[in-house]
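Inside the fold
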Amino acid sequence: MSMTTHGYNYDLAIREVGDQVTVTNNLGRTAIYGEIVNLNGMYGIVMEHDGIADNATGRMYVLQPDTLISTAQINKTDTFTAGQPIYFLSGGAVAAGTLEADAGGGAVAIG
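Scope of this entry: the structure provided in the associated data block. From a predicted model like this one, the values you see are computed outputs, not experimental measurements.

Most of strand 4 (residues 42–46) sits out of view: four of its five residues are buried. Pairing geometry for strand 3 (residues 36–39) and strand 4, over four bridges, is antiparallel. Looking at strand 4, one finds that Ile36 is bridged to Ile45. Counted between consecutive antiparallel strands, the loop separating strand 3 from strand 4 contains two residues, among which Asn40 sits at a positive phi close to 55°. Sheet topology note: the strand 4/strand 5 (residues 57–62) ladder contains three bridges and is antiparallel.

Further remarks concern the pairing of strand 5. Summarising the sheet, strand 2 (residues 20–24) and strand 5 pair through five bridges and their orientation is antiparallel. From the neighbouring strand, Gln20 faces strand 5, where its bridge partner is Tyr61.

Overall, antiparallel pairing links the four strands, which are arranged 2-5-4-3 in an open sheet. Edge strands, defined here as strands with exactly one partner in the open sheet, are strand 2 and strand 3. Recorded for the sheet is a direction-independent mean angle of 55° between the axes of neighbouring strands.

For the rest of this paragraph, the subject is the pattern of salt bridges. Scanning the model with the defined rule gives two salt bridges in all. Close ionic contact of Glu35 with Arg29 constitutes a salt bridge, the shortest N to O distance being 2.6 Å. Here the two residues Glu35 and Arg29 agree in accessibility, since each one is buried. Measuring nitrogen to oxygen at the nearest pair gives 3.3 Å for the salt bridge that ties Arg59 to Glu48. Remark: Glu48 occurs in the loop between strand 4 and strand 5 and Arg59 occurs in strand 5; sequence separation between them is 11 residues.

Reading across from one edge, 8-7-9 is the order of the three strands in this open sheet, with antiparallel pairing throughout. Each edge of the open sheet carries a strand with a single partner, namely strand 8 (98–100) and strand 9 (108–109). Bridge analysis of strand 7 (residues 87–89) against strand 9 gives two bridges, and the strand direction is antiparallel. By the bridge assignment, Phe88 is partnered in strand 9 with Val108.

As a further point, take the environment of Ala107. As for its position among the elements, Ala107 is in the loop between strand 8 and strand 9. A relative accessible area of 9% places Ala107 in the buried class. Sequence separation between Ala107 and Gly97 is 10 residues; the distance between their C-alpha atoms is 9.5 Å.

A cluster of nonpolar side chains, Ile74, Phe80 and Ile86, forms an exposed patch at the surface whose accessible area comes to about 210 Å². Mapped onto the fold, Phe80 is located in the loop between strand 6 (69–70) and strand 7. Accessibility expressed as a relative area gives 33% for Phe80, which makes it partly exposed.

Conventions used here
- Residues numbered from 1 in each chain as written.
- Predicted model: local features only at pLDDT ≥ 70, side-chain atom pairs only at ≥ 80, totals over all residues.
- Heavy atoms only, no water.
- Buried < 20%, exposed > 50% of the residue type's maximum accessible area, 1.4 Å probe, protein only.
- Helix = DSSP H or I, 4+ residues; strand = E, 2+ residues; numbered from the N terminus.
- Pairing = 2+ DSSP bridges.
- Axes fitted to C-alpha atoms, helices over the stretch in contact; angles between N-to-C directions.
- Salt bridge = Lys/Arg side-chain N within 4 Å of Asp/Glu carboxyl O.
- Patch = residues over 30% accessible without salt bridge, like charges linked within 9 Å, V, L, I, M, F, W, Y side chains within 5 Å.
- Areas by Shrake-Rupley, 256 points an atom, 1.4 Å probe, with all protein chains shown as cover.

Here it is as structure tokens:
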């Protein structure tokens, strides 16, 4: 299966989309399509093609244990090991969050 990525969506490539929920964006900025976010206490991927404006509601795919994704939202300086947890470090109102190899800087385990 080949996937095409586009720079505007953090090079997101997702193989399958399952459970989606409606969330309110409280990041202080627009969350764009394909961005991995923590909204309303859930980690997921923004599914609205126009993004979700700050304080607006929109759809998000809830990350599941068997979800296969490819993304540019990764800390490229970290060393990831198969079978180890993956952590999410929020970028807050100024930037997209990143996937991290450890809990440093307040990152939270998501998988």
